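Fold and contact review
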Amino acid sequence: IHATALMDSGSDTTYVSSSLVKKCSPPIVSHVNVKYAAFGTHHPNVKLSTQYSFKIITHNDTLLNLNAIEIPVICPPMRRSHVSSSLLSDLHPLADSYGSDRDTQIDLLIGLDNYWHILTGPVKHLQPGLVAQQSLFGWILSGSDTTSSQLLSFQQP
């Protein structure tokens, strides 16, 4: 099953969308309390969620095991903007395609519990504000392309 992951160093935990859980029926690891809080909230809501075990195949066919807590939706669809192929010419393999503008549904949010197991190698500064980093999935991009709109941006509902 193909899934799109978002690497998030601001999250302590890895999360999976309910739609991905339904697609692949992973084994249950445990049930955990998850605290949900919007910005500026002093009293988070607590909800019992299920933690699942996933086996993920990386770009070089390495098997990666990770646990993720189910939440209904990771985030609204994100806009992935085109990135010039001239900026990407030295990056093989890429973890995703950047050849055209498109909306991306995030299935998995990878937090710090798995983050540093996945990022494996050097960082390349492609231009001011746009960085590539080697990972188990191939090269991933983060930041923004200063020649166009933000590389990853939330779409208005």
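Look above for the structure.
This structure is a prediction, so every number in the text was calculated from the model and none was measured. (Residues numbered from 1 in each chain as written. Predicted model: local features only at pLDDT ≥ 70, side-chain atom pairs only at ≥ 80, totals over all residues. Heavy atoms only, no water.)

A short note on the overall build of the chain
Definition in use: Counting from the N terminus, the helices are the DSSP runs of H or I reaching at least four residues and the strands are the DSSP runs of E reaching at least two. Between buried and exposed lies partly exposed: a residue is buried under 20% and exposed over 50% of the maximum accessible area for its type, with that area taken using a 1.4 Å probe on protein chains only. Contacts are assigned to residue pairs that have any heavy atoms within 4.5 Å of one another. Accessibility throughout is a Shrake-Rupley quantity obtained with a 1.4 Å probe, and a residue counts as covered only by protein chains that appear here. A positive count includes Lys and Arg, and a negative count includes Asp and Glu. His and the chain ends are not counted in either. One atom stands in for each charge, and that atom is NZ of Lys, CZ of Arg, CG of Asp or CD of Glu.
Within the chain, the regular secondary structure consists of three helices and twelve strands. Within the span of the chain, comprising 157 residues, buried residues form 38% of the whole. Considering only residue pairs separated by 6 or more positions, the chain has 56% of its internal contacts joining residues 24 or more positions apart. Element-wise, carbon and sulfur atoms account for 54% of the exposed surface of the chain, whose accessible area totals about 9200 Å². Both charge centroids of the chain, one from 9 positive and one from 11 negative side chains, sit 6 Å from each other.

Brief notes about the environment of Tyr98
Summarising the element assignment, Tyr98 is placed in the loop between helix 2 (85–88) and strand 7 (102–104). By relative accessible area, Tyr98 is classed as buried at 5%. Between the C-alpha atom of Tyr98 and that of Val32, which follows or precedes it by 66 residues, the distance is 36 Å.

Here's the deal with the sheet that holds strand 10 (residues 130–135)
To keep it simple, the criterion reads: Pairing between strands requires that DSSP locate at least two bridges from one strand to the other. Helix axes are fitted only over the stretch in contact, all axes being lines through C-alpha atoms; the angle between N-to-C directions runs from 0 to 180 degrees.
Strand order in the open sheet formed by three strands is 9-10-11, and the pairing between neighbours is antiparallel. Unpaired on one side and paired on the other, strand 9 (119–127) and strand 11 (138–143) mark the two borders of the sheet. Recorded for the sheet is a direction-independent mean angle of 25° between the axes of neighbouring strands. When strand 10 meets strand 11, the two strands line up antiparallel, connected through six bridges. Note that in strand 11 the partner of Val131 across the bridge is Ser142.

Keep in mind that these numbers describe shape and distance, not what the molecule does.
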